Amino acid sequence: MRSVMVQIPNTPTSADVARLAGVSRATVSYVLNNSAVRISEATRRRVHEAARELGYVPHAAARSLRAGHSRMVLMPAPAIPVGPLYSRFLNELQWALGRLDYTVVQYGSVGLEGDEAARAWAELRPVAVLVPGAGLGPRGVAVLKRSGARAVVTLGPGRVEGAHALLMDHDAVGHCAGAHLYARGRRRIGVVLPGEPGLEAYSRPRLAGVREALRGTDATVTELPLAYTEEAAAELAARWSESGLDAVFAYNDEYAMLLMRALQDEGVRVPEDVAVIGADDLMLGRLLRPRLSTVHIELPSGQDLAELVDRAVRHPGGEPEVHTVLGASVIRRESS
C-alpha cells in the first residue's frame, strides 16, 4: 500500500514574529497585548506587519495566565426582542470594548434564567459580564465573582447587590408621552402593552409613567394589549370607534407604525381622530405620512460603559457604581 506523507505547516510563534520584525520577544508581547510600555510607532507597525505576514495569533489562554484573568466580556443574548436602537448601542459598546483590548462574546442562554444562567456564564470564566434586563440576583453575582469575574454590570430597572448598575428609567419615557398627549388636548388616552413575552419589564413602567403624568387631571388611561401582528392590529383598529379613545402611546415606534397603518386602513384619521406617539425615534417613523411623533431615548454611551467595565476590571475591590441612564424627550411631528 502506497503511503503519502502530508507536511503539516508549523504554527508561527512570537519568536518567529520577533525575528522577522527585528525586535525582542518581550517587545512583541508588549505590542500585541497593548501593554502600557513606551514603544515607538515604527516598531509597533513592524511587529503588526510581521504578525500579519506570518499569520501569528496570540494564544488567549496564555495571555490570560500572564494577566491573571481573561479579557473576555460576556454579554448574555437578550431573551426579549430588541429593536434597532438597542442593536446600535450594542455595536457601539462592542467597538469601544475592542478598543480597550477586550473580546466581547454573546452567550445564548435559551431556557436558563437568573442564577441558573449565571452558573452557565461562569463556566466560561469571563473577566466581566454585562447583564441586560432583570432576573439576576445577588446569589448569581456571587457565583460569577467566585469564578473570576471582576465586574458584573446590570442594565435594567433596579439594582442587584454586588453588581454595578445602569438603571433604565422607563417611567420617564411614558411620562413624556402622556404629558405630550395631554398638552395636545387629548383626554382619552390608550397605552399599548406588547403581547411579546419579556417586554413587561419595560411596558409596565412606561404605562406607570403615563398614569403619573396624567394624575390629578381629567384624562383617562386605557390599557391596550396588542400582539405584534397585522391581524392583531387590524382587530384592535376595527374596535377603535367603540373605545372612544382620541390618543394612543404605542409603546415604541414599531408598534406605533403597526397600529397607525391598521387605523388608517379602518378609516380612522391620524391625527384628526386619534393622535399617535411612539418611542425610540427610528428613521422609518420620519418616512411615514403623517410623520410619527416619538419619544427620543438617550441610551448610555457605549464608550462610557466600556470605561466602567475597564475600571471595574482594574479595581475589582471598589464600591459598585450606580448610574441612572435613559434620557427621554418628545419629538413632535404630524401624527400627534
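Just so you know, these numbers come straight off a predicted model, no measurement behind them.

At a minimum axis separation of 10 Å, helix H2 (residues 25–32) and helix H3 (residues 41–54) run at an interaxial angle of 90°. With respect to H3, the axis of H2 lies roughly perpendicular. Residues Thr 27, Val 28, Val 31 and Leu 32 of H2 lie in contact with H3, whose contacting residues are Thr 43, Arg 44, Val 47 and His 48. Residues belonging to the contact of H2 with H3 are distributed by class as follows: 4 nonpolar, 3 polar and 1 charged.

As a further point, take the pattern of salt bridges. Within the structure shown, the criterion is met by 12 salt bridges. We note a salt bridge from Arg 211 to Glu 223, for which the minimum N-O separation is 3.1 Å. In this pair, Arg 211 is assigned in helix H9 (residues 200–214) and Glu 223 in strand E7 (residues 220–226), connecting sequence segments 12 residues apart. Taking the relative accessible area as the measure of exposure, Glu 223 reaches 34% and is therefore partly exposed. As a salt-bridge pair, Asp 273 and Arg 269 come within 2.8 Å of each other at their nearest N and O atoms. Of the residues examined, Asp 273 reaches a relative accessible area of 30% and is grouped as partly exposed. One continuous salt-bridge network, built from bridges that share partners, spans Arg 204, Arg 211 and Glu 223.

Let's shift gears to the nonpolar core. Within soluble globular proteins, side chains that are nonpolar tend to cluster in buried spots. Residues Leu 97, Leu 130, Phe 249 and Leu 305 are the most contacted members of the largest nonpolar core, which totals 46 residues. Of the residues forming this core, the biggest block, 7 residues, is contributed by helix H5 (residues 84–99). Apart from residues lying up to four places away in sequence, Phe 249 is in contact with Val 173, Gly 174, Ala 177, Leu 181, Gly 190, Val 191, Val 192, Arg 206, Val 210, Ile 277, Gly 278 and Ala 279. Trp 240, Val 248, Tyr 255 and Ala 262 belong to the second largest nonpolar core, which has 29 residues in total.

The next subject is the pairing of strand E5 (residues 164–168). In terms of burial, E5 is largely enclosed, as 5 of its 5 residues are buried. For strand E4 (residues 151–156) and E5, the ladder comprises 4 bridges, and the chain directions are parallel. Paired with Thr 154 across the bridge in E5 is Ala 165. Note: E5 against strand E11 (residues 322–325), 4 bridges, orientation parallel. Across the sheet, the residue bridging to Leu 166 is His 323, located in E11.

The sheet built from 6 strands is open, its strands ordered E2-E1-E3-E4-E5-E11 with parallel pairing. In the strand order of this sheet, the two ends are held by strand E2 (103–107) and E11, each with one partner. Sheet twist, expressed as the mean angle between neighbouring strand axes with direction ignored, is 15°. Looking at chain direction, strand E1 (residues 72–76) and strand E3 (residues 128–132) are connected through 2 bridges and run parallel.

For the rest of this paragraph, the subject is the sheet that holds strand E6 (residues 188–194). Reading across the sheet, the 6 strands line up as E7-E6-E8-E9-E10-E12 and stay open at both edges, with mixed pairing between neighbours. This sheet does not close on itself; its edge strands, each paired only once, are E7 and strand E12 (327–331). Strand-to-strand twist of the sheet, defined as the mean angle between neighbouring strand axes without regard to direction, takes the value 20°. The pairing of strand E9 (residues 275–279) with strand E10 (residues 293–298) spans 3 bridges and is classified as parallel. Opposite Ala 279, over in E10, you have Val 295 as the bridge partner. Each of E6, strand E8 (247–249), E9, E10 and E12 is contacted by helix H8 (residues 170–183), which is oriented at about 25° to E12, the strand it contacts most.

Before going further, it helps to examine the pairing of E7. Where E6 and E7 come together, 7 bridges link them in parallel fashion. Looking at the pairing, Arg 188 lines up with Thr 220 of E7. Handedness of the crossover joining E6 and E7 through H9 is recorded here as right-handed.

Parameters and conventions
- Residues numbered from 1 in each chain as written.
- Predicted model: local features only at pLDDT ≥ 70, side-chain atom pairs only at ≥ 80, totals over all residues.
- Heavy atoms only, no water.
- Axes fitted to C-alpha atoms, helices over the stretch in contact; angles between N-to-C directions.
- Helix = DSSP H or I, 4+ residues; strand = E, 2+ residues; numbered from the N terminus.
- Parallel < 35°, antiparallel > 145°, perpendicular 65-115°, else oblique.
- Contact = heavy atoms within 4.5 Å.
- Nonpolar A, V, L, I, M, F, W, Y, C, P; charged D, E, K, R; others polar.
- Salt bridge = Lys/Arg side-chain N within 4 Å of Asp/Glu carboxyl O.
- Buried < 20%, exposed > 50% of the residue type's maximum accessible area, 1.4 Å probe, protein only.
- Core = buried A, V, L, I, M, F, W, Y, C linked by side-chain atoms within 4.5 Å.
- Pairing = 2+ DSSP bridges.
- Right-handed = clockwise from strand over helix to strand, strands pointing away.

The values are spatial; any link to function lies outside them.
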